[in-house]
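The lines below spell out each chain.
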Amino acid sequence: MKAIRRLTVRPVLPDPLQPLSDLARNLRWSWHAETRDLFQSVDPGRWAASGRDPVRLLGTVPPARLAELAEDRRFLRRLAAATDDLDHYMTGDRWYQVQPGRLPAAVAYFSPEFGITAALPQYSGGLGILAGDHLKAASDLGVPLVGVGLLYRHGYFRQSLSRDGWQQEHYPVLDPHELPLTLLKEPDGTPARVALALPGGRELRARVWLAQVGRVPLLLLDSDVEENDLGERGVTDRLYGGGSEHRLLQEMLLGIGGVRAVRTYCRLTGHAEPEVFHTNEGHAGFLGVERIAELCDRGMEFDSALEAVRAGTVFTTHTPVPAGIDRFDRELVARHLGPGSELPRIDVERVLRLGMETYPGGEPGLFNMAVMGLRLAQRANGVSLLHGGVSREMFSGLWPGFDAEEVPITSVTNGVHAPTWVAPEVFRLGARRIGVQRAEDALTVGGSDRWDSVADIPDQDIWELRRTLREQLVTEVRERLRASWRQRGAGTAELGWIDDVLDPDVLTIGFARRVPSYKRLTLMLRDRERLTELLLHPERPVQIVVAGKAHPADDGGKRLVQELVRFADDPRVRHRIVFLPDYGMAMAQKLYPGCDIWLNNPLRPLEACGTSGMKAALNGCLNLSVLDGWWDEWFQPDFGWAIPTADGAGTDADRRDAIEAAALYDLLEQRITPRFYERGASGLPDRWIEMVRRTLSLLGPKVLAGRMVREYVERLYAPAAEAHRAMDPDSARALAEWKTRVRAAWPGVSVDHVETSAPAATAELGSTLGLRVRVRLGDLAPDDVEVQAVSGRVDSEDRITAATTVPLKPVGGPDLEGRWVYEGPLGLDRTGPFGYTVRILPAHRLLASAAEAGLVAVPSDELGEAAGLLMR
């Protein structure tokens, strides 16, 4: 019989065990081994059955066992130690508290998904895992972050396979009362609420759940409340589900409702108000619009409020292709943000202009969330060095007249939270060398360029560790494969072969990620006979573990999954290649350490970062990847292998796949498998072990989320907080008025004449030219602009590369025609074809970059030719 109502019965813990509840509700247990060990000792069987979730565990332990533990002095001592450790972690000074300078009092970090732990399934892939790692690393460093997201009642889907290998989706209902969450409440005990106005006089209401991620509070908005109509209750039903209006409502709730949730949380708890707002992808972009509305309610004009909001906003883009960005019909946005809906006190046309694609090739009828994110943030970044360059090219239309390298989008390369992803066995091996505390500090704070202590670990210990981890993976794979085949309808009698799947002494390759087409799940199947020979090689076999989910609406991705599954079902090879359904954090934490090679073969440059290979590397797994994302930045032959790319303009997609697949097979056959199986004088694979050692010692410190968050603090959060403080109402109004004045006057700004002291078309290295420029500034004054000389090597089309800029100085006042003369030296600091030009840019002390205003004046083509601007 089916229950008509569901409720959660909470256990009553004996008084001595009350601290267990606090430990379970702080998600630090998800990356703190001692706390997990404590919960496991409560009841090992129920711990495993609960999915290693302390909240679920405590709900299943019999009262008799709890009474027994309440009298167990040894357990109580361990409980007291874990409680004291958490208290010290929560209240003691950490890296952030001892930094010089005035850092932000608080930072609000918005993301559509967060991957903290498998016990809180609110993530779909890399974006959410990155956001979770960002919060955890911020907690370890003591950064006063407040996370903001949505609580999806169904999370992301669970994946299984049909008998013929087709992906099946399941959406289990998540009860917040059974998750490691607490409800944010008003002083009178009622749930705290935020509300958004909808067209037609309706309201979208949401309550706020709190997940405590170490020191970092994570606020999750939940629209499944009785006061909402059925449609509004379903706004937070699924991650990345529903149609366009559904997604728009989710993003309005995340951005607008999220700001209101932060204000409510700070009011109720006394937490410092954020000085910086960080938007992780464009989904939360409406947070800037809400903050503008807040300032307008205090009497500021829209333009002044826009400048004040921009100063304290950081925007991170993760998308290397325009198709990956959320875009909404302009009229849909206008209906939800116009009169009679949310934010009626702001002119909706002003809001719409923030997201309009008003650049060549854009679609003016669409509202682009990433474009709005960039226009609302004074500081923006991509997530790897290569992705920063891709982003500058992709969004260069927002800064017309500037070369892509000058577009104000920097990069902070992603990192991964080592305590979450490093296997306990790997940590213990390091801790034996340098001690537990130093090992923890190395993994969390980081800061060193290399982990020299890895050099002292004997080869035998490294090789035994690698085999242990491989053996654990083999056990895990067999258990999951058996469960998968049972779901596919197989009987026990059919599954005896699974006992022989994989071998703990065979070179093991891992490939696990989402399954969009650009990640090329099936590239390895390009030449099936060649792959089969690799899998079944008599002396040097390989085995492959594959996992990944296709988006529920992506039938093309599902066909790729089915193609891989059908190959892996072949009795000839099924003991050497497996596909594991329902890829998630719990599986990943076994998969990364257990593999010898981590394979990544996206279409370059479509992988913004690709952090899975980082997690593998921290466990001594070597990377085999296309030079994309982070691997393009940090690849060295010491750490693994680079798959050559065939990305020439004349190479079609099919030929490109064929060339790159052949290169992959060549690497495996000729370089990778021989190195893994060859043995030195000691009987060990000496050269392979040395690569593992170098991966850990040289690559390990680079890939840490601690390094990433420290970069965000130093390069983005601290400058944004400083800009926020400088942007008081008077300064914001003055900057807005200045921008309006400059934009109106800019058509009257021009470069009229350029002359140089160069005697000929050649000059000696190290010499200096005198540059004299006449410019018209129209209604502007020299204080409003900077006149620059731009110089560097030139390519065959006379484009300046690796440019150097030097400001020129005005000489005297304007002439009778209103022209100003600027002069300055131009140093010839490099040989070969050399060129220069001049340009005029707006200049103001509160601009974060010279390109921020998007205005530039350069010489006309005729003037450039007449002045001989290029020297050869």
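Thresholds applied
- Residues numbered from 1 in each chain as written.
- Predicted model: local features only at pLDDT ≥ 70, side-chain atom pairs only at ≥ 80, totals over all residues.
- Heavy atoms only, no water.
- Buried < 20%, exposed > 50% of the residue type's maximum accessible area, 1.4 Å probe, protein only.
- Helix = DSSP H or I, 4+ residues; strand = E, 2+ residues; numbered from the N terminus.
- Pairing = 2+ DSSP bridges.
- Axes fitted to C-alpha atoms, helices over the stretch in contact; angles between N-to-C directions.
- Patch = residues over 30% accessible without salt bridge, like charges linked within 9 Å, V, L, I, M, F, W, Y side chains within 5 Å.
- Areas by Shrake-Rupley, 256 points an atom, 1.4 Å probe, with all protein chains shown as cover.
- Salt bridge = Lys/Arg side-chain N within 4 Å of Asp/Glu carboxyl O.
- Lys, Arg positive; Asp, Glu negative; His and termini not counted.
- Charge placed at Lys NZ, Arg CZ, Asp CG, Glu CD.
- pLDDT = per-residue confidence, 0-100.
- Contact = heavy atoms within 4.5 Å.
- Right-handed = clockwise from strand over helix to strand, strands pointing away.
- Phe/Tyr/Trp six-rings, centres within 6.5 Å; stacked < 30°, edge-to-face > 60°.
- Lys NZ or Arg CZ within 6 Å of the ring centre and 35° of its normal.
- Polar contact = N/O pair within 3.5 Å; in protein donor to acceptor, adjacent residues only side chain to side chain.
- Core = buried A, V, L, I, M, F, W, Y, C linked by side-chain atoms within 4.5 Å.

Visitor: What am I meant to see in helix H11 (residues 302–311) here?
Guide: Since there are 3.6 residues in each turn of an α-helix, residues three or four apart along the chain are aligned in direction. When you tally the buried positions in H11, you get nine out of ten residues, the bulk of the element. Residues Phe302, Ser304, Ala305, Leu306, Glu307, Ala308, Val309, Arg310 and Ala311 constitute the buried set of H11.

Visitor: What is the right way to read the sheet that holds strand E22 (residues 768–776) from this model?
Guide: Strand pairing in a sheet is mediated by backbone hydrogen bonds. Such pairs are either parallel or antiparallel. In spatial order, the strands read E21-E22-E26-E25; together these four strands make up an open sheet with antiparallel pairing. Edge positions in the sheet fall to strand E21 (750–756) and strand E25 (809–811), since each has one partner strand and no second. Between one strand axis and the next, the sheet turns by 30 degrees as a mean value, whatever way the strands run. In this sheet, strand E26 (residues 819–827) lies alongside E22 in antiparallel orientation, the contact comprising nine bridges. Looking at the pairing, Arg774 lines up with Val821 of E26.

Visitor: Is there a simple way to explain a positive patch on the surface in this structure?
Guide: A surface patch of like charges, here positive, comprises Arg73, Arg74, Arg77 and Arg78. On the secondary structure map, Arg74 appears in helix H6 (residues 73–91).

Visitor: Hey, could you run me through the confidence of the model for the chain in this one?
Guide: Close inspection of predicted coordinates is inappropriate in any region flagged by low pLDDT. Within the chain, residue pLDDT values average 93, and 97% of them lie at 70 or more. This model gives residues 865–872 a pLDDT under 50, and the stretch forms 23 contacts once residues within four places in sequence are excluded.

Visitor: Where do I start with the sheet that holds strand E15 (residues 507–512) in this structure?
Guide: Ordered in space as E17-E16-E15-E18-E19-E20, the six strands form an open sheet in which the pairing is parallel. Edge strands, defined here as strands with exactly one partner in the open sheet, are strand E17 (577–580) and strand E20 (640–643). Sheet twist, expressed as the average angle between the axes of neighbouring strands with direction ignored, equals 20 degrees. Here helix H25 (residues 653–677) sits on the sheet in contact with E15, strand E16 (542–547), strand E18 (597–600), strand E19 (622–626) and E20, set at roughly 165 degrees to E20.

Visitor: How should I be thinking about the pattern of salt bridges in this particular structure?
Guide: When charged atoms on two side chains of opposite charge get close, those side chains can pair. Taken as a whole and assessed by the stated rule, the structure comprises 68 salt bridges. Measuring nitrogen to oxygen at the nearest pair gives 3.0 Å for the salt bridge that ties Asp222 to Arg153. On the criterion of sequence distance, the pair formed by Asp222 in strand E8 (residues 216–222) and Arg153 in the loop between strand E2 (145–150) and strand E3 (158–161) is long-range, its members being 69 residues apart.

Visitor: Mind showing me how you'd approach the pairing of strand E13 (residues 379–382) here?
Guide: Of the two faces of E13, the one carrying Arg379 and Asn381 and the one carrying Ala380 and Gly382 are both buried. In the sheet, E13 pairs with strand E14 (residues 410–411) via two bridges, with the strands oriented parallel. Bridged to Asn381 within E14 is Thr410. After leaving E13, the chain enters helix H15 (residues 385–394) and then returns to the sheet as E14, a path that is right-handed.

Visitor: How should I be thinking about the packing of aromatic side chains in this particular structure?
Guide: Where two aromatic rings form a pair, the distance of their centres and the angle of their planes describe that pair. This model, assessed by the stated rule, comprises 18 aromatic pairs. Judged by centre distance (6.4 Å) and plane angle (55 degrees), the ring pair of Trp95 and Tyr96 falls under tilted. Residue Trp95 is classed as buried on the basis of its relative accessible area, which comes to 13%. Overall, Tyr96 belongs to the buried group, its relative accessible area being 8%. Measuring from ring centre to ring centre gives 4.8 Å for Tyr156 and Phe157, while their planes differ by 45 degrees; the resulting arrangement is tilted. Taken individually, Tyr156 and Phe157 each receive the classification buried, so the pair is uniform in this respect. Site record: aromatic cluster; members linked through ring pairs are Trp463, Trp641, Phe676, Tyr677 and Trp688. Geometry around Phe511 places Arg513 over its ring, the cationic atom sitting 4.7 Å from the centre.

Visitor: What am I meant to see in the side chain of Ser162 here?
Guide: With respect to the secondary-structure elements, Ser162 resides in the loop between E3 and strand E4 (167–170). A distance of 2.3 Å separates a polar atom in the side chain of Ser162 from a polar atom in the side chain of Asp164. Setting aside chain neighbours within four positions, we find Ser162 in contact with Gln168 and Arg488.

Visitor: Help me understand the environment of Arg247, please; the structure alone is not making it clear to me.
Guide: Relative to the elements of secondary structure, Arg247 occurs in helix H9 (residues 244–269). You can call Arg247 buried: its relative accessible area is 16%. Within the structure, Arg247 has its side chain in polar contact with the side chain of Asp326 (distance 2.9 Å).

Visitor: Quick question: what am I supposed to make of the nonpolar core here?
Guide: One broad trend across soluble globular proteins is that nonpolar side chains are buried collectively. In terms of nonpolar packing, the biggest core is built from 105 residues, with Met524, Ile597, Leu624, Trp641, Ile672 and Trp688 touching the most fellow members. Non-local contacts of Met524, meaning those with residues more than four positions away in its chain, are made with Phe511, Leu531, Ile544, Val546, Leu564, Ile577, Leu599 and Tyr665. Of all hydrophobic cores here, the second largest spans 98 residues; its members include Leu204, Leu254, Val259 and Val333.

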